[in-house]
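# A closer look at the structure
Residues per chain are reported as follows:
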Amino acid sequence: DTNATQDSGDGGDSGELIKVGFSQLGAESGWRTANTESVKASLTEENGIDLTFVDAQQKQENQIKALRDFIDQGVDVIAFSPVVQTGWDEVLQEIQDAEIPVVLVDRTVDTTVTDPYATWIGADFKSEGVKAGEWVKENYPDAKIFELQGTLGSGAQVDREAGFDETVGADKILGKASGNFTRAEGKAAMEAALQAYPDMNLLFTHNDDMGLGAIEAIEAAGKVPGKDIVIVSVDGVRDGLQALVDKKFNFVVECNPVFGDQILDAIKKVYAGEDVPKETIVVDATFDQTITQEEVDARPY
Ligand code: AHR
């Protein structure tokens, strides 16, 4: 070891920075951009962190490579937001063998590895789907629904879909297709769906970006978003809330991306060997068309 100044291992009291490898899954949506900004604003040298941040561009193989690089670099803590739930067994085992604690961010994993992470911070995706479903059940009980799914196999897709479908009843759903959480793919999937399901009168989209893409497809088909096709979305980024003010979206369940400070806190505690809760749920609100332009303008992301 050529490193002459070795850490005393006392949790950073010596003034050394905690080396953190953060694998972000991509930059697919406004939500993700806001989440990345929040992470970078919190995991700074001033806050005691030496951050290596890698964007996987929505590809699991890129993420696995980044995680292996972090092991090779000997980081103190690994934080990552997994693009999909499964396929992590091997790399999680390697991280565990290297004795590097993991802080799981946003999306969830489904793995055979025991105790794969020290702590997870994210939103309750299932309850987001339930909230969207309850609004639909109450306001449009006879809706003919099309569902735009997020990245297939991601925690956000699987759980939002389960929560929504259970609440409205599977018989209300005419069809589903994935738009991979992006505006462009949301638009393309909606174009095809408008042809395939001409009776549809309500869209449930797993995020705002796909819903914003869908608006373009709906208008291009000569229909009125928010009227001919009611739109229920998840996220609450500024563009999504603007669509509520413009009466093109009808209801939005928030998914709050700004929790960099909570990630920082978890990293410090995990590094110091302190107790951390197994999970921390980020609190979400809901919005309807009573939202004002002032509230939208004040939205930080
Ligand atoms: O995992 C959170 C989801 O990922 C957000 O709802 C979506 O916008 C993002 O792409």
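Cut-off values and rules
- Residues numbered from 1 in each chain as written.
- Predicted model: local features only at pLDDT ≥ 70, side-chain atom pairs only at ≥ 80, totals over all residues.
- Helix = DSSP H or I, 4+ residues; strand = E, 2+ residues; numbered from the N terminus.
- Rg over C-alpha atoms; globule rule 2.2 N^0.38 Å.
- Buried ≥ 20, exposed ≤ 12 C-beta atoms within 10 Å, placed from the backbone.
- Contact = placed C-beta atoms within 7 Å.
- Expected span 1.5 Å × (residues − 1).
- Arc of directions from axis to C-beta.
- Pairing = 2+ DSSP bridges.
- Axes fitted to C-alpha atoms, helices over the stretch in contact; angles between N-to-C directions.
- Near = placed C-beta within 6 Å.
- Right-handed = clockwise from strand over helix to strand, strands pointing away.

### A look at the overall build of the protein chain
- Check the secondary structure of the protein chain and you find ten helices and twelve strands.
- For the protein chain, whose C-alpha radius of gyration is 21 Å, the value lies close to the compact-globule estimate of 19 Å for 301 residues.
- Overall, the protein chain is about 70 × 40 × 30 Å in size when its C-alpha atoms are taken along their principal axes.
- The buried share of the protein chain, taken over its 301 residues, is 49%.
- When contacts within the protein chain are restricted to residue pairs at least 6 apart in sequence, long-range pairs at least 24 apart make up 75% of them.

### Things to note about helix H9 (residues 260–271)
- Spanning twelve residues, H9 covers 16 Å between terminal C-alpha atoms, matching the ideal 16 Å at 1.5 Å per step.
- The complete set of buried residues in H9 reads Gly260, Ile263, Leu264, Ala266, Ile267, Val270 and Tyr271. The buried residues of H9 occupy an angular sector of 165° when the element is viewed end-on, so they sit on one face.
- At its buried positions, H9 is contacted by strand S1 (18–24), helix H1 (30–42), strand S3 (77–80), strand S4 (102–105) and strand S5 (119–122).
- Directly after H9, the chain includes Gly273, whose backbone phi takes a positive value near 75°.

### Let's talk about helix H8 (residues 238–245)
- Listing the buried residues of H8 in full gives Gly240, Leu241, Ala243 and Leu244. Along the axis of H8, the buried residues cluster in a sector spanning 150°; they form a single face.
- Turning to H8, the residues buried within the fold contact helix H7 (208–220), strand S9 (230–235), strand S10 (251–254), strand S12 (286–288) and helix H10 (293–297).
- Positioned one or two residues after H8, Lys247 has a phi angle of 65°, which is positive.

### Let's talk about the sheet that holds S10
- Strands sit in the order S7-S6-S8-S9-S10-S12 across an open sheet of six strands; the sheet is mixed. If you trace the sheet from one side to the other, it starts and ends with strand S7 (173–178) and S12, each paired once. Each strand of the sheet is rotated relative to its neighbour by a mean of 15°, with strand direction disregarded.
- Alignment of strand S8 (residues 202–205) against S9, held across three bridges, turns out to be parallel. Counterpart to Leu202 in the pairing with S9 is Val230.

### Things to note about the site of the ligand
- Close to the ligand lie 13 residues; Ser29, Trp31, Ala156, Phe181 and Asn207 are nearest.
- When residues of the shell around the ligand are traced back to their parent elements, those giving at least two are H1 and S9.

### Focus: the pairing of S7
- Pairing between strand S6 (residues 145–149) and S7: five bridges, direction parallel. Bridge pairing in S7 places Ile145 opposite Ile173.
- For the segment spanning S6, helix H5 (residues 155–168) and S7, crossover handedness is right-handed.

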